[in-house]
Structures are given as structure tokens and as C-alpha cells.
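# A look at the structure
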Amino acid sequence: MRLILASASPARLAVLRAAGVEPVVRVSGVDEDALAESLGEVRPEELVAGLAEAKARAVLPEVAADHPDCVIVGCDSMLAIDGEVVGKPGTVERARKRWAAMSGGAGVLLTGHAVVRVNGGRPAGTATGTERTTVRFGQPSERELEAYLATGEPLGVAGAFTLDGLGGWFVDGIDGDPSSVIGISLPLTRRLLARVGVSVVDVWVSRDGPGTA
């Protein structure tokens, strides 16, 4: 069965590829800020799960036409730290402020997941969930932080850091699932696939092609 990744994230794509899946990428184009506002006052776990589901459903019409029998996976990540939930900083100034707050401390990376099963071109089941992982941050020097900000990497990622890129130099440790911090939790995705009647082995790539393991 073909897996559709409703995300432009190269990190999520890399995690899936390393785990034996060759997804079709379809970018949702969802306005995350506007959607988060429309959801109102919800718990952070519900917010990221809601955003993940919106991304998956946004690509459904296009995907169903090309792949009438498939599963769509959407994800969204945010960092909870000091009572605030933050997403992508977008600017150097915001990223610098976030690192000032995070340096030497810890936060909880929340990654919402949504799996939509499509049968005969129609949605046939949806499962959502959120993975929580504690991230312990190091204390980059001023020179290190400015050099990191100058790369642009932290501007487009939740919490202004990566685990699998340059930001990994400044993460002292995590408590939980590392794949979730990178952007997609393999264990949670497996459980959500099972809830819509799909085994993870059905989306693995074998020598005979996708979904034939």
C-alpha cells in the first residue's frame, strides 16, 4: 500500500526512507497559524494533532485521484517550554530569543500525527495521536549560536532546533522517541496505521516494489 507524506519536511522523508518506506510527497499548503487560531483554546497535544489531521485532509482530493487506495500521514510539531507552546520561529530575532530561553534548560517536543486511510478514492478511517519527548538543551556560546542562526536551519523548524542536523550539537539529550523529535514518530505511526487496518509491513518497500513486503 502506498504511503503519502503530507509534508515538505526533508527530515520526515529521511526518517521514513531509512525505515523502509518510499512515500509519495504531497505538500498540504495549510496555513498553520490561521488554522491554529481557528481551533481556539485547546490543549497543546490536541493542537498539534489537529494541525496534522488538517494537513492530511488537505491533500486528500488530489491524492485520491492518483492513489485511490493508500494511507496519508500528516504531522505537526511544536515545543512546549516555560508554559509557552512555540512552532517555527521564522526570523533570526525570534530564534535568538527562543535559544535564550532554552539554553541549559529542557522542553517537551510535541509531535502530532494523523493517518487517513483511503479506499476507492474515499476516506475510510482516521487515527490521530501525539508523541511527547523531553529535550535537554546545551548552552551554545554566543559565537556558536550566531553561527547556527546564520545557517538559517533553526528558522523553519519547531522550537528553532534540529536533532539530526546542525542543532544536534546543542542538544545534550532526550527522554523519549528520537524519531518524533526529528519530525515523525515511527512507533506512534505504526500504532495509528494499525488503528485504520494497515500493518506497517504493507507500506515497506521490498525488492518487488512498494507495499509488497
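Notes on the structure follow. (Residues numbered from 1 in each chain as written. Predicted model: local features only at pLDDT ≥ 70, side-chain atom pairs only at ≥ 80, totals over all residues. Heavy atoms only, no water.)

## Regarding the pattern of salt bridges
Opposite charge on two side chains makes pairing possible when the charged atoms of those side chains draw close. Throughout the structure, instances matching the rule amount to 11 salt bridges. Among the ionic pairs, Glu45 bridges to Arg132, the shortest N-O distance being 2.5 Å. With Glu45 in helix α3 (residues 44-58) and Arg132 in strand β6 (residues 122-137), this residue pair connects regions lying 87 residues apart in the sequence. Of the residues examined, Arg132 reaches a relative accessible area of 47% and is grouped as partly exposed. (Salt bridge = Lys/Arg side-chain N within 4 Å of Asp/Glu carboxyl O. Helix = DSSP H or I, 4+ residues; strand = E, 2+ residues; numbered from the N terminus. Buried < 20%, exposed > 50% of the residue type's maximum accessible area, 1.4 Å probe, protein only.)

## Side note on the environment of Asp82
Looking at where Asp82 falls in the secondary structure, it is placed in the loop between β3 (70-81) and β4 (84-86). Residues Asp82 and Ala101, spaced 19 residues apart in sequence, show a C-alpha to C-alpha distance of 8.2 Å.

## Things to note about the packing of aromatic side chains
The tally for this structure, following the rule as stated, stands at 5 aromatic pairs. Note on Trp99 and Tyr148: the rings are 6.3 Å apart at their centroids and 85° apart in plane angle, and the pair reads as edge-to-face. You can see Trp99 sitting in helix α5 (residues 92-102) and its partner Tyr148 sitting in helix α6 (residues 142-151), a full 49 residues away along the chain. Comparing Trp99 with Tyr148 shows no difference in burial state: the two are buried. Following the ring pairs from residue to residue traces out a cluster consisting of Trp99, Phe137, Tyr148, Phe161 and Phe170. (Phe/Tyr/Trp six-rings, centres within 6.5 Å; stacked < 30°, edge-to-face > 60°.)

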